[in-house]
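Structure assessment
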Amino acid sequence: MDLKGSLIFFNNALTTIFGYPREELLGMNNREYTDKENAQKMYQAFNLVYRTGTPIWGVRFETITKQKNRRQLELSISLRRDEEGKPVGFQGIARDITDLIDFQKSLKASEERYRHTLDGMMEGCQIIGPDWKYLYINDAAARHGRRTRDELLGRTMMEVYEGIESSPLFAVLQRCLKENTPERLENEFIYTGGSRGYFELSIEPVPEGLFILSVDITQRRRTEERLRHLTDVLRALRNVNQLITREKDRETLLGKICAVLTETRGYRSAWISLHDPAGGLKAAAESGVGDKFLALRADLERGRWPECRRLATNQSGFAVIHHPREECRGCPLDEIYGDTSVLAGILNSDDGGFGLLVVTLPSAAVDSVEEQALFKELCGDISFALSMMEVEMNRQKSEHTLRAIFDSASDGVLLADAESSRFIVGNKAIARMLGCSSQEIIGLSVDDIHRAEDLENVKAQFNRQARGEITLAPNIPVKRQDGSVFLADVNAAAFELDGRPHVLGIFRDITARRSLEDQLRQAQKMEAVGRLAGGVAHDYN
């Protein structure tokens, strides 16, 4: 129900009880299927739960079906909250107890009919006398206690179940008997051997002592626990995916992933190891393992693999280990497993390396198809994130290497947008040539490094290089930041980058070479003049 008392979710049993089709019952308020008195009674019960936040059981009221029949219902009510803890509605179980009430009325009239009916009920029924002896018990109740009727009848509860007089249940039975008051509760029963069962008990004082109606809810409780666990795992998976998008450091990411997997109560413990293609340990992290992980890490560093890695490798990258203390003997972590089971998954890497994710969880959840699917999805997400990190690390390494080569070149290098003629990047050599820093180059254009009188020719050469018509533009005058000029031969290559045409130019300063060539030419001229003068003098003589 929502906070207004309207039905928003129910099972088919409720439609049967009320006699309404599902589409009619959806959204109905309690005032529509009860009389005024019962509507007020329901309001008081739900308001009490809303104000105190405490669940209540055994609320009884009368409902009017679509066929105008009156049915007696018994409710258990608890408050529903959102992830922030705010009340959003109510949830509970409604049980049609009309037959039970009718039966209780007819009980006094016909002992034989009463016993015959009880014997055939699916619910457990028993009558306990004031001396705590079993006066009556049907087959269902005997099964609930894993005893036979003959083992119980005529004997006291204390004789059959040793220590029961110290249990919370016995205290409730004493109070019901002493105060002559009914009680509704859910009880956990621990059997010999340690297994557990869960029962919903309805205790009613009767002339003979106490009448106890028991419903086995063990499967329901396990289903609820499994759903809660799956919810925790889903929350952990969501948090891991959020981490993957934010965290860029591999070591930090691994540690936080393990912490998230345990902090959300999705798993009891979690650890991850990453290895290079040769098997060497690159990184490892854990949560919920403690000091025992140091011994495991030492084994991993020596190349000694835990059994879970072998099992996962042999089973297509995923293994379920039901009894790790038996199946993983010798593992440094065998003492922490307790009553848990293990899921182990291989984390694949594109570079040939691999990793291992191992988690512990309640044994009751390990065989769930949904549980295993979520774990495999988790392994896939982590593998993808680590692969992307590896790609990024390799990209940065390659970029660093290329930048070192770029900056160590003796010739100046400029990358320019062919359409805007603006420079994207330049190396240290071109920065020295221009008399500025590499950062100052970014945003400059062709117009900024050439004199006005040279621009027409320079742009013509630049455009021809951008079109791929020529590669070398010789003897280009280049203007420094201080206004001085040097000559350069510019080799260029045109290509596309991010969908736009670009030109990569390599500038070689030929000023010194041109100066030597000019000196050589001058010397050659002087030599020619000398030879000519000598010839003239010879002719004159």
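So, here's what we can say about the structure. (Residues numbered from 1 in each chain as written. Predicted model: local features only at pLDDT ≥ 70, side-chain atom pairs only at ≥ 80, totals over all residues. Heavy atoms only, no water.)

Here the structure, examined in full by the defined rule, presents eight aromatic pairs. Taken together, a centroid distance of 5.3 Å and an interplanar angle of 85 degrees make the contact between Tyr 161 and Phe 189 edge-to-face. Here Phe 189 lies in strand S6 (residues 183–190) and Tyr 161 lies in the loop between helix H8 (157–160) and helix H9 (168–179), a separation of 28 residues in the sequence. The exposure class assigned to Phe 189 is buried, which follows from its relative accessible area of 17%. Here Trp 271 and Phe 293 contribute two aromatic rings whose centre-to-centre distance is 6.0 Å and whose plane-to-plane angle is 55 degrees, an arrangement assigned as tilted. (Phe/Tyr/Trp six-rings, centres within 6.5 Å; stacked < 30°, edge-to-face > 60°. Helix = DSSP H or I, 4+ residues; strand = E, 2+ residues; numbered from the N terminus. Buried < 20%, exposed > 50% of the residue type's maximum accessible area, 1.4 Å probe, protein only.)

Put simply, helix H10 (residues 218–246) and helix H15 (residues 369–408) touch, their axes get as near as 11 Å, and they point 10 degrees apart. Our classification of the angle between H10 and H15 gives roughly parallel. Along the contact surface, H10 presents His 229, Leu 230, Val 233, Leu 234, Leu 237, Val 240, Asn 241 and Ile 244, while H15 presents Glu 370, Glu 371, Leu 374, Glu 377, Leu 378, Asp 381, Ile 382 and Ala 385. (Axes fitted to C-alpha atoms, helices over the stretch in contact; angles between N-to-C directions. Parallel < 35°, antiparallel > 145°, perpendicular 65-115°, else oblique. Contact = heavy atoms within 4.5 Å.)

Our next topic: the pattern of salt bridges. In total, this model carries 30 salt bridges according to the counting rule given. In this structure, Glu 469 and Arg 464 form a salt bridge, with 3.4 Å as the shortest nitrogen-oxygen distance. Residue Glu 469 is classed as partly exposed on the basis of its relative accessible area of 48%. Three or more residues joined by partner-sharing salt bridges are found here, namely Arg 60, Glu 74, Arg 95, Arg 184, Glu 200 and Glu 204. (Salt bridge = Lys/Arg side-chain N within 4 Å of Asp/Glu carboxyl O.)

Another aspect to go through is the environment of Met 393. Along the chain, Met 393 falls in helix H15. Separated by 144 residues in sequence, Met 393 and Asp 249 place their C-alpha atoms 10.0 Å apart.

Bringing the sheet that holds strand S1 (residues 56–64) into the picture now. Read across the open sheet, the three strands follow the order S1-S2-S3; overall the sheet is antiparallel. With partners counted over all chains shown, the strands left at the sheet margins are S1 and strand S3 (87–96), one partner each. Shown here is a sheet whose adjacent strand axes are inclined to one another by a mean of 40 degrees, direction ignored. (Pairing = 2+ DSSP bridges.)

Spatially, five strands are ordered S15-S14-S18-S17-S16 in an open sheet, and the strand pairing comes out antiparallel. Where the open sheet ends on each side, the last strands, each with one partner, are strand S15 (423–426) and strand S16 (472–479). When strand polarity is set aside, the average angle formed by the axes of neighbouring strands in this sheet is 30 degrees. Bridge analysis of strand S14 (residues 412–417) against strand S18 (residues 500–509) gives six bridges, and the strand direction is antiparallel. Bridge pairing links Val 413 to Ile 506 in S18.

Residues Leu 261, Ile 272, Leu 357 and Ile 382 are the most contacted members of the largest nonpolar core, which totals 36 residues. Breaking this core down by element, the ones donating at least two residues are H10, helix H11 (250–263), strand S9 (269–275), strand S10 (281–287), strand S11 (318–321), strand S12 (340–348), strand S13 (354–362) and H15. The element contributing the most residues to this core is H15, with eight residues. Apart from the residues lying within four places of it in its own chain, the contact partners of Leu 261 are Ala 236, Val 240, Gly 266, Tyr 267, Ala 270, Leu 357, Val 359 and Leu 378. (Core = buried A, V, L, I, M, F, W, Y, C linked by side-chain atoms within 4.5 Å.)

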